[in-house]
Amino acid sequence: PAVGVGRSHAKAILLGEHTVVHGTAAIAFPLPALPVRAIARPGRSGPREVCADGHFRFLAGEAGEGGPPSGPRVAVEEALRRWGMTGVLVEVDVECDIPLARGLGSSAACAGAAVRAVADLYGRALDAATLYDCVQCGEQVAHGRASGIDASAVLAHGPILFQRGTARPIGIAVDAELVIADTGVPGSTHEAVAGVRRTLDADPRSARRVLRRATELIGSAATDLSEGRVAELGTAMFDFQDLLAGLGVSTPRIDALVTAARDAGAFGAKLTGAGLGGCVLALTATGTAPSVSAALRAAGAVRTWTVTARSLRSPA
Ligand code: MEV
């Protein structure tokens, strides 16, 4: 075909962001309601890395070098290298419905959709491991040091438990709703990951304590999730938020949204993704997402999305 197409979607982390970079597990789920579409064509010269309202175009391949390195471009160039296609110039148009820099995996999702589109254009078979590796190459550029959870979750069809490069599907038996609230503030993953590393390096003893506590919370949350204990799961989310705040990645705006969710009766709430802005995730009883969403917007959220736990059970 003259063009290739590829898709991917956003993700949200339920528990384990940041500590996952330092070896703990983390739980994440895909958000197919926020898709990314990419179209690949044989490359022509033209504008590079232009970006407006979630639409951007980039050139990848040797002759395409010149613009600032971006995760999606690095991912596509890694795929071309693996296919022995270095020197080939390819143009990729990306339509991204995911708000950028809000902890919802936009960089990994754009990279995933772009690599799939280029594979489609050139009729290349793309196995899951190769796709993950290419997206992860892009993420290393975007995040500094990426655990791989974003690359896994934006390519996954259901909730995953991720640890040290390996994702496995995780069962969900809770009956609840999840509300995602956007602070409207972009947060730099690169900056947040670097800040957490500095905090942990500065006090190794307290770092061990934090990672031990994170491991406990994530382990019990995984069991609560698969055995349907929603109130306990919510408590683990509030506790994990406290832990993330201690690592310096919460902000007054995030704190205000977490408090608003708590006051509106949510079982739990915490930042999701890298923090320093981005989004808050709240766990609510079935049927109460509208009132919790309204409370979050009243407390400053610029938009909210709701996902039912039930929809996460069947593969998207
Ligand atoms: C970002 O969505 C999640 C972080 O843990 C970074 C990573 O795992 O690569 C903050």
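Residues numbered from 1 in each chain as written. Predicted model: local features only at pLDDT ≥ 70, side-chain atom pairs only at ≥ 80, totals over all residues. Heavy atoms only, no water.

Considering empty space enclosed by the protein
Then, number 1: Counting across every chain of the model gives one cavity of 30 Å³ or more.
Then, number 2: The computed volume of the largest cavity comes to approximately 60 Å³.
Then, number 3: Those elements that provide at least two residues to the lining of the largest cavity are strand 2 (26-42) and helix 10 (309-313).
Then, number 4: Of the residues assigned to the lining of the largest cavity, the class counts are 11 nonpolar, no polar and no charged. (1 Å grid on protein atoms, 1.4 Å probe; cavity = no way out; pocket = protein on both sides within 12 Å on 5 of 7 lines; lining within 4 Å. Points joined across faces, edges and corners; volume = space filled by probe spheres on them. Helix = DSSP H or I, 4+ residues; strand = E, 2+ residues; numbered from the N terminus. Nonpolar A, V, L, I, M, F, W, Y, C, P; charged D, E, K, R; others polar.)

Considering the site of the ligand
Then, number 1: Around the ligand, the structure places 14 residues, and the nearest of them are Lys 11, His 18, Ala 146, Ser 147 and Asp 150.
Then, number 2: Measuring from an oxygen atom of the ligand, one finds a side-chain N or O atom of Lys 11 at 2.9 Å.
Then, number 3: In this structure, an oxygen atom belonging to the ligand sits 2.6 Å away from a side-chain N or O atom of Ser 147.
Then, number 4: Out of a free accessible area of 300 Å², the ligand has 99% covered by protein chains. (Near = heavy atom within 4 Å. Polar contact = N/O pair within 3.5 Å; in protein donor to acceptor, adjacent residues only side chain to side chain. Areas by Shrake-Rupley, 256 points an atom, 1.4 Å probe, with all protein chains shown as cover.)

Digging into the sheet that holds strand 8 (residues 177-182)
Then, number 1: Reading across the sheet, the four strands line up as 9-10-8-11 and stay open at both edges, with antiparallel pairing between neighbours. At either margin of the open sheet sits one strand with a lone partner, and together these are strand 9 (268-272) and strand 11 (303-308). Averaged over all pairs of adjacent strands, the angle between their axes in this sheet comes to 20 degrees, without regard to strand direction.
Then, number 2: Taken together, the six bridges between strand 8 and strand 11 define a ladder with antiparallel strand orientation. When the bridges of strand 11 are listed, Ala 181 appears paired with Thr 304.
Then, number 3: Where helix 7 (residues 230-246) meets the sheet, it contacts strand 9 and strand 10 (279-284), and its direction lies at approximately 45 degrees from that of strand 9. (Pairing = 2+ DSSP bridges. Axes fitted to C-alpha atoms, helices over the stretch in contact; angles between N-to-C directions. Contact = heavy atoms within 4.5 Å.)

What to know about the confidence of the model for the protein
Then, number 1: The predicted model of the protein averages 93 in pLDDT, with 93% of residues at 70 or higher.
Then, number 2: Predicted complex, confidence summary: ipTM 0.99, pTM 0.94. (pLDDT = per-residue confidence, 0-100.)

Describing the state of the cysteines
Then, number 1: Taken as a whole and judged by the stated rule, the model has zero disulfides.
Then, number 2: In this structure Cys 134 is a free cysteine whose sulfur lies 6.4 Å from that of Cys 137, the closest cysteine sulfur available.
Then, number 3: Of the residues examined, Cys 134 reaches a relative accessible area of 0% and is grouped as buried.
Then, number 4: Classification of Cys 137 by relative accessible area gives partly exposed; the value is 26%. (Disulfide = S-S within 2.5 Å. Buried < 20%, exposed > 50% of the residue type's maximum accessible area, 1.4 Å probe, protein only.)

As for the pattern of salt bridges
Then, number 1: This model, assessed by the stated rule, comprises 17 salt bridges.
Then, number 2: Between Glu 91 and Arg 57 there is a salt bridge; the shortest N-O distance is 3.8 Å. In this pair, Glu 91 sits in strand 5 (residues 90-96) while Arg 57 sits in strand 4 (residues 55-60), placing the two residues 34 residues apart along the sequence.
Then, number 3: In this structure Arg 57 comes out as partly exposed when scored by relative accessible area, which is 28%.
Then, number 4: Taken together, the shared-partner salt bridges connect Arg 41, Arg 57, Glu 91 and Asp 93 into one network. (Salt bridge = Lys/Arg side-chain N within 4 Å of Asp/Glu carboxyl O.)

Focus: the packing of helix 6 (residues 204-227) against helix 7
Then, number 1: Interhelical geometry of helix 6 versus helix 7 gives an angle of 160 degrees and a closest axis separation of 9 Å. Comparing their axes, helix 7 and helix 6 come out roughly antiparallel. Where helix 6 crosses over helix 7, the two elements pack in a sense that is left-handed. Contacts between helix 6 and helix 7 pair Val 210, Arg 213, Ala 214, Leu 217, Ile 218, Ala 221, Asp 224 and Leu 225 from the former with Glu 232, Leu 233, Ala 236, Asp 239, Phe 240 and Leu 243 from the latter.
Then, number 2: Residues belonging to the contact of helix 6 with helix 7 are distributed by class as follows: 10 nonpolar, no polar and four charged. (Parallel < 35°, antiparallel > 145°, perpendicular 65-115°, else oblique. Left-handed = near helix turned anticlockwise from the far one by under 90°.)

Observations regarding a positive patch on the surface
Then, number 1: A surface patch of positive charge is lined by Arg 205, Arg 208, Arg 209 and Arg 212.
Then, number 2: Within the secondary structure, Arg 212 sits in helix 6. (Patch = residues over 30% accessible without salt bridge, like charges linked within 9 Å, V, L, I, M, F, W, Y side chains within 5 Å. Lys, Arg positive; Asp, Glu negative; His and termini not counted. Charge placed at Lys NZ, Arg CZ, Asp CG, Glu CD.)

Quick word on the UniProt feature "domain: GHMP kinase C-terminal" (unreviewed entry) in the protein
Then, number 1: According to UniProt, the feature "domain: GHMP kinase C-terminal" (unreviewed entry) maps to residues 223-300 in the numbering used here.
Then, number 2: This span, residues 223-300, is 56% helix and 14% strand, and a straight line between its end C-alpha atoms measures 33 Å. (UniProt positions renumbered as here; feature names shortened; annotations may be inferred.)

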